[in-house]
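Notes for the structure review
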Amino acid sequence: MTGEIHCRVDNDYGRRRFREMMDYVPAILMSLIGVSHAASKFLVMKTQMRQWFERECGVATTLLEQNQWWR
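Below or above, wherever it landed, is the structure these notes cover.

Rules used in this analysis
- Residues numbered from 1 in each chain as written.
- Predicted model: local features only at pLDDT ≥ 70, side-chain atom pairs only at ≥ 80, totals over all residues.
- Heavy atoms only, no water.
- Helix = DSSP H or I, 4+ residues; strand = E, 2+ residues; numbered from the N terminus.
- Buried < 20%, exposed > 50% of the residue type's maximum accessible area, 1.4 Å probe, protein only.
- Contact = heavy atoms within 4.5 Å.
- Areas by Shrake-Rupley, 256 points an atom, 1.4 Å probe, with all protein chains shown as cover.
- Salt bridge = Lys/Arg side-chain N within 4 Å of Asp/Glu carboxyl O.

Topic: the overall build of the chain
In terms of regular secondary structure, the chain is built from 2 helices and 0 strands. Buried positions account for 8% of the 71 residues belonging to the chain. Put simply, of all contacts in the chain between residues at least 6 apart along the chain, 43% involve residues at least 24 apart. Here the chain has roughly 6,100 Å² of accessible surface; of this, 55% comes from carbon and sulfur atoms.

Here we look at the pattern of salt bridges
Under the defined criterion, the tally for this structure stands at 6 salt bridges. The residue R15 makes a salt bridge to D12 at a minimum N-O spacing of 3.1 Å. Highlighted residues: R15 and D12, both in helix α1 (residues 12-24), separated by 3 residues, approximately one helical turn. A relative accessible area of 39% places R15 in the partly exposed class.

Structure below.
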């Protein structure tokens, strides 16, 4: 799983990188799940890091979800 599978930069570089990734995707056997950058980080915080902070640092944690991940 990755936060972003392509470049969102709106210039020649970004468009070239986007095309390269879209050409690459059908050539691999790996399943790719594209989600927003913030959404992928939240998933790791929720499933792994929350328990780690509580166990290793002895602190209570509160996860704050955002309604609009792109902000």
